[in-house]
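Each chain is listed here by its residues.
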Amino acid sequence: MKKDVLVVEDDSNIAELLRLYLEKDGFKVTIADNGAVALSEFSRIEPDLVLLDIMLPMIDGWGVCREIRRTSNVPIIMLTAKGETLDKVTGLEMGADDYIVKPFEISELMARIHSVIRRFEATDSSQIRKLTFENLVIDMNSFELLVNGKRVDAPPKEMELLYYFASSPNRVFTRNQLLDEVWGFDYYGDSRTVDVHIKRLREKLDGASDKWSLKTIWGVGYKFEVSM
């Protein structure tokens, strides 16, 4: 069965170019040229992946990403302006799985699309995965994070990163190891992506327990430290 891709892009030339290459690669493509239409089409077709531009009429890409993440963990790749680091960080904080900078090479974009879909399918088809610590529940089946008994909103990539840490308590991971294991060996971003996600997780977990914590090991990386 063909996978559905929702392309959210107000530049018709770019949108049609993306359609051409995606359909050639076997995807079914729906195009939305503004944020409001994008959310409507997302509800209608329930796509397997979203390519999401940031600068959009009516509702910008950040707003679209935020609304999608309220109900879905579908892979989202943000299309950002050249050199706009803040755009990249904001997109990742809101739950995007990856970003690519305009102008981009089609071959690189297609590689990222296949990589993100593979990672999503691998996670989605896994066995029951749930970890419990004092005042913390990480449930990867429902993508729920419970802190002090209350559900805390966390994008899928934050959930995957925390689960990966917590699955190996007290083990130290380098940034590159985390990029390889959580984002995939063919991830094209930089190591600051890890730092952004760690920062957001710490804010959500702050003060929950003195028996575990996300620790920085200076000059090496990070670990999920659990008191023995």
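First things first, this report covers the structure right here in the doc.

Analysis parameters
All chains use their own residue numbering, which begins from 1 and follows the written sequence. Residue-level local features of this predicted model are given only where pLDDT is at least 70; pairs of side-chain atoms are given and counted only at 80 or more, and the full residue set underlies all totals for whole chains, interfaces and linings. Excluding hydrogens and water, the side-chain figures rest on all heavy atoms present in the structure. Candidate patch residues must exceed 30% relative accessible area and have no salt bridge, after which like charges are joined if within 9 Å and Val, Leu, Ile, Met, Phe, Trp or Tyr side chains if within 5 Å. Accessible surface is estimated by sampling points in the Shrake-Rupley manner with a 1.4 Å probe; for residues, cover comes only from the protein chains shown. Here, a salt bridge means any side-chain nitrogen of Lys or Arg that lies within 4 Å of a carboxyl oxygen of Asp or Glu. Under the DSSP-based scheme used, a helix requires at least four consecutive residues in state H or I and a strand at least two consecutive residues in state E, with every element numbered from the N terminus. The cut-offs for exposure are 20% and 50% of the maximum accessible area for each residue type, with area from a 1.4 Å probe on protein chains only; residues under the lower value are buried, those over the upper are exposed, and the others partly exposed. The arc in question is formed by the directions pointing from the helix axis toward the C-beta atoms. In this analysis, two residues are considered to be in contact whenever any of their non-hydrogen atoms come within 4.5 Å of each other. Put simply, the grid is 1 Å and covers the protein atoms alone, a cavity is a trapped set of points that fit a 1.4 Å probe, a pocket is an open set with protein on both sides within 12 Å along at least five of seven lines, and lining residues have an atom within 4 Å of a point. Grid points are joined across faces, edges and corners, and a volume is the space filled by probe spheres set on the points. Residues are grouped as follows: Ala, Val, Leu, Ile, Met, Phe, Trp, Tyr, Cys and Pro are nonpolar; Asp, Glu, Lys and Arg are charged; all remaining types, including Gly, are polar. All axes are obtained by fitting lines to C-alpha atoms, using only the stretch in contact for helices, and the reported angles, taken between N-to-C directions, cover 0 to 180 degrees. If an angle is under 35 degrees, it is roughly parallel; if it is over 145, roughly antiparallel; if it lies from 65 to 115, roughly perpendicular; otherwise it is oblique. Here a strand pair is declared whenever DSSP counts at least two bridges between the two strands. Aromatic contacts are taken between Phe, Tyr and Trp rings whose centres are within 6.5 Å, Trp giving its six-membered ring; a plane angle under 30 degrees counts as stacked, one over 60 as edge-to-face, and the others as tilted.

1. What about a nonpolar patch on the surface?
Step number 1: A cluster of nonpolar side chains, contributed by Leu17, Leu20 and Tyr21, occupies part of the molecular surface with about 270 Å² of accessible area.
Step number 2: Mapping Leu17 onto the fold places it in helix H1 (residues 12-24).
Step number 3: Judged by relative accessible area, which is 38%, Leu17 ranks as partly exposed.

2. Considerations on helix H2 (residues 35-45)
Step number 1: All buried positions along H2 are accounted for by Gly35, Ala38, Glu41, Phe42 and Ile45. Buried residues of H2 fall within an arc of 120° about the axis and therefore sit on the same side. Opposite the buried face of H2, at more than 90 degrees from it, the exposed residues are Ser43 and Arg44.
Step number 2: For H2, the secondary structure elements touched by its buried residues are strand E1 (4-8), strand E2 (28-32), strand E3 (49-53) and helix H3 (61-69).
Step number 3: Glu46 occupies a position one or two residues after H2 and carries a positive phi of about 50°.

3. Describing the layout of surface pockets
Step number 1: Space inside the largest pocket adds up to approximately 520 Å³.
Step number 2: If you trace the largest pocket, you find 19 residues lining it, with Arg69, Arg70, Asp153, Ala154 and Pro155 closest to the centre.
Step number 3: Those elements that place two or more of their residues in the lining of the largest pocket are H3, helix H4 (85-93), strand E9 (150-152) and helix H8 (192-205).
Step number 4: Class assignment for the residues of the lining of the largest pocket results in 6 nonpolar, 5 polar and 8 charged.

4. Quick notes on the packing of helix H6 (residues 156-166) against H8
Step number 1: Contact geometry of H6 with H8 gives a least axis separation of 10 Å together with a crossing angle of 80°. The orientation of H6 relative to H8 falls into the category roughly perpendicular. Across from Lys157, Glu158, Leu161, Leu162 and Phe165 in H6, the residues of H8 making contact are His197, Ile198, Arg200, Leu201, Lys204 and Leu205.
Step number 2: The residue makeup of the contact of H6 with H8, split by class, is 6 nonpolar, 1 polar and 4 charged.

5. A word on unusual backbone geometry
Step number 1: Residue Pro103 follows Lys102 across a cis peptide bond; omega there is -10°.
Step number 2: Within the fold, Pro103 resides in the loop between strand E5 (98-101) and helix H5 (106-124).
Step number 3: The phi dihedral of Glu46 is positive, around 50°, even though this residue is not glycine.
Step number 4: Its place among the elements puts Glu46 in the loop between H2 and E3.
Step number 5: The backbone phi angle of Asn170 is positive, close to 70°, even though this residue is not glycine.

6. Focus on the sheet that holds E9
Step number 1: Reading across from one edge, E6-E7-E8-E9 is the order of the 4 strands in this open sheet, with antiparallel pairing throughout. Only two strands of the sheet have a single neighbouring strand rather than two, namely strand E6 (130-133) and E9. Neighbour-to-neighbour, the strand axes of the sheet open up by a mean angle of 20°, direction not taken into account.
Step number 2: When strand E7 (residues 136-139) meets strand E8 (residues 144-147), the two strands line up antiparallel, connected through 4 bridges. Each residue of the ladder has a partner; that of Leu136, found in E8, is Val147.
Step number 3: Across the sheet, H6 is in contact with E6, E7 and E8; its angle to E7 comes to roughly 115°.

7. Re the pattern of salt bridges
Step number 1: The full count for this structure, using the stated rule, is 17 salt bridges.
Step number 2: Of the charged contacts, one joins Glu41 and Arg44 as a salt bridge, the two residues approaching to 2.9 Å between their closest N and O atoms. Of the two residues, Glu41 and Arg44 are both situated in helix H2; the distance of 3 residues between them amounts to about one turn of the helix.
Step number 3: Ionic pairing is found between Asp153 and Arg151, a salt bridge with its closest N-O pair at 2.9 Å.

8. Examining the packing of aromatic side chains
Step number 1: Across all of its chains, the model carries 4 aromatic pairs by this definition.
Step number 2: Ring centres 4.9 Å apart and planes at 45° place the aromatic pair Tyr164 and Phe173 in the tilted group.
Step number 3: Put simply, the rings of Phe133, Trp212 and Phe224 pair up and form one aromatic cluster.

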